[in-house]
Amino acid sequence: MIDVTALGELLIDFTPEGKNAQGAALFSQNPGGAPANVLAMVARLGGRTAFIGKAGQDAFGRYLRQVLTERDIDASGLVLDGAVPTTLAFVHLDEKNDRSFTFYRSPGADQMLTAQEVSLDLIDRCRIFHFGSVSLTRDPSRGAALYAAEYAGKQGKLVSFDPNLRPMLWESEAEARAQIEHGIRLADILKVSEEEMEFLTGTADLAAGSEYLLNMGPALVLVSLGEQGSFFRNHAGYGSAPPCRVEAVDTTGAGDAFAGAVLWKVRNMTRAELCSMPVSALGEIAAFANAAGALTATGKGAIPAMPDAEQIRRCLKKEV
């Protein structure tokens, strides 16, 4: 049985690596893409995972397939496209080490996945199906992602969705909001950032915003708050979990590690159990996920920085 199957973008993150002798910025090649990052976290914790998506039939695409395999992620659902190159993203860090992105994706191979190329077998054999909104920015990947999510729901799988909003990839805010809301209505588990919650609900109030999102259909809503920890809500109540204090170096992938840690914790649950889980149990899951995200921010890149269960345990016990 596969714990989590994810569909979406798999790309190269070029992350800052200082400057050369002439003062020009240097970048290092790192595997990335939010759905792949989520799987890497689940696999790091011992889970069985599988990826569905598309990269280029180029050196980058072959490298990414190798990374998935080395991380014990089933790569049989990865299609390599000989006509379109692998998507690239350059990461820029501000003075607080928070990141922004410049994408080279017009088009990129991740956008070209079709519904016919979706490996339904990897969905049939999974407990949780996860996807994000980057695949919804244009067809054919939009159709492929929605087809897969709808199929997963009909098969009785838990469906997890992360908007992972990247405004520069959308034609307009209105289109982004409409497509993300479509994804939310298909989801049992919704993870958003504080900024994404405000974008979707029009409020920064965590209680009000999370209630609005829960009423759209999910059984569980989680709001990641960076260095402030996280907030959560299901049909039994809501609450918050404190952060794990660390010295952040690069926040790339921290939210994905948070999401992956949550999916690992709930992988054996039903939708009904997610709806009724006591606030105290949700708080423990959120604290575990906070630690996973925080520790990821202490290293460069996303997948290479994912912590294991022992590192998370030590963080929770304030041993880092």
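The model shown is predicted, which means the values in this text are computed figures rather than measured ones.

Participant: When you look at the side chain of Lys157 in this model, what are you seeing that I'm missing?
Facilitator: Looking at the secondary structure, you find Lys157 in the loop between α4 (141–154) and β9 (158–162). With no salt bridge to any partner, buried Lys157 finds its closest opposite charge in Asp124, at an N-O distance of 6.1 Å. A distance of 2.7 Å separates the side chain of Lys157 from the backbone oxygen of Asp124, its partner in a polar contact. In terms of polar contacts, Lys157 uses its side chain to reach the backbone carbonyl oxygen of Cys126, at 3.0 Å.

Participant: Would you take a moment to explain unusual backbone geometry for this structure?
Facilitator: Peptide bonds are mostly trans, and most non-glycine residues show a negative phi. Of note, the bond from Ser106 into Pro107 is cis; its omega dihedral lies within 30 degrees of zero at -5°. In this fold, Pro107 is placed in the loop between β7 (99–104) and α3 (120–124). Here the amide bond leading from Asp139 into Pro140 is cis, since omega sits at 10°, within 30 degrees of zero. Summarising the element assignment, Pro140 is placed in the loop between β8 (126–132) and α4.

Participant: Got a minute to help me understand helix α8 (residues 254–266) in this structure?
Facilitator: Relative to the 18 Å expected for 13 residues at 1.5 Å per residue, α8 spans 19 Å between its end C-alpha atoms, a close match to the ideal helical length. Extensive coverage of α8 is indicated by the burial of 11 of its 13 residues.

Participant: Would you explain the state of the cysteines in this entry?
Facilitator: Each disulfide consists of a covalent bond between the sulfur atoms of two cysteine residues. The tally for this structure, following the rule as stated, stands at one disulfide. At a sulfur-sulfur separation of 1.4 Å, the disulfide partner of Cys244 is Cys315. Its S-S torsion of about -100° marks the bond between Cys244 and Cys315 as left-handed, since a negative value means left-handed. Here Cys244, found in the loop between β13 (237–241) and α8, pairs with Cys315, found in helix α11 (residues 309–316); they are 71 residues apart in sequence, far enough to count as distant. Per residue, the accessibility class of Cys244 equals that of Cys315, and both read buried. You can see Cys126 has no disulfide; the closest cysteine sulfur is in Cys275, sitting 19 Å from it. What makes Cys126 buried here is its relative accessible area of 1%. A residue is classified by how much of its surface remains accessible, and Cys275, at 17% relative accessible area, is buried.

Participant: Just checking my understanding: could you explain the packing of helix α1 (residues 34–44) against α8 for this structure?
Facilitator: For any two helices packed against each other, one specifies the crossing angle of their axes together with the interaxial distance. The contact between α1 and α8 brings their axes to 8 Å, and the two run at 50°. The orientation of α1 with respect to α8, classified from their angle, is oblique. Relative to α8, the crossing made by α1 is right-handed. Counted together, Ala34, Asn37, Val38, Met41 and Val42 of α1 and Asp256, Ala257, Ala259, Gly260, Ala261, Leu263 and Trp264 of α8 form the full contact between these two elements.

Participant: How should I be thinking about the pattern of salt bridges in this particular structure?
Facilitator: On inspection of all chains with the given rule, the structure shows 11 salt bridges. Between Lys191 and Asp162 there is a salt bridge whose closest N-O contact spans 3.8 Å. Here Asp162 lies in strand β9 and Lys191 lies in strand β10 (residues 189–193), a separation of 29 residues in the sequence. For the pair shown, Lys191 and Asp162 are each scored as buried. Here the salt bridges share partners, and the residues they tie into one network are Asp3, Arg127 and Arg267.

Participant: Explain the sheet that holds β8 to me, please; I cannot follow it from the model alone.
Facilitator: The pairing of strands in a sheet comes from backbone hydrogen bonds and takes either a parallel or an antiparallel form. The strand order across the open sheet formed by nine strands is β5-β4-β1-β8-β9-β10-β11-β12-β13, and the pairing between neighbours is mixed. The sheet terminates laterally at β5 (73–81) and β13, the two strands that pair on one side only. Neighbour-to-neighbour, the strand axes of the sheet open up by a mean angle of 15°, direction not taken into account. Packed on one face of the sheet, helix α2 (residues 59–70) meets β4 (49–56) and β5 and runs near 170° to β5.

Participant: Any chance you could explain the environment of Leu10 here in plain terms?
Facilitator: Along the chain, Leu10 turns up in the loop between β1 (2–7) and β2 (11–19). Separated by 77 residues in sequence, Leu10 and Thr87 have C-alpha atoms that sit 7.5 Å apart. What Leu10 contacts, discounting residues up to four positions off in sequence, is Gly32, Ala36, Phe51, Lys54, Leu64, Leu68, Leu78, Thr86 and Asp110.

Participant: Explain the pairing of β10 to me, please; I cannot follow it from the model alone.
Facilitator: Looking along a regular strand, one sees side chains alternate from face to face of the sheet. Summarising burial for β10: five of the five residues are buried, a large majority. Strand direction decides the pairing type here: β9 and β10, joined by two bridges, are parallel. Residue pairing across strands places Phe161 opposite Leu190, the latter belonging to β10. You can see the chain leave β9, run along helix α5 (residues 173–185) and come back into β10, and the turn it takes is right-handed. Two elements, β10 and strand β11 (residues 220–224), share five bridges in a ladder whose sense is parallel. Bridging across to β11, Ile189 finds its partner in Leu220.

Rules of the game
Residues numbered from 1 in each chain as written. Predicted model: local features only at pLDDT ≥ 70, side-chain atom pairs only at ≥ 80, totals over all residues. Heavy atoms only, no water. Helix = DSSP H or I, 4+ residues; strand = E, 2+ residues; numbered from the N terminus. Buried < 20%, exposed > 50% of the residue type's maximum accessible area, 1.4 Å probe, protein only. Lys, Arg positive; Asp, Glu negative; His and termini not counted. Salt bridge = Lys/Arg side-chain N within 4 Å of Asp/Glu carboxyl O. Polar contact = N/O pair within 3.5 Å; in protein donor to acceptor, adjacent residues only side chain to side chain. Expected span 1.5 Å × (residues − 1). Disulfide = S-S within 2.5 Å. Axes fitted to C-alpha atoms, helices over the stretch in contact; angles between N-to-C directions. Parallel < 35°, antiparallel > 145°, perpendicular 65-115°, else oblique. Left-handed = near helix turned anticlockwise from the far one by under 90°. Contact = heavy atoms within 4.5 Å. Pairing = 2+ DSSP bridges. Right-handed = clockwise from strand over helix to strand, strands pointing away.

Nothing here speaks to function; it is all geometry.
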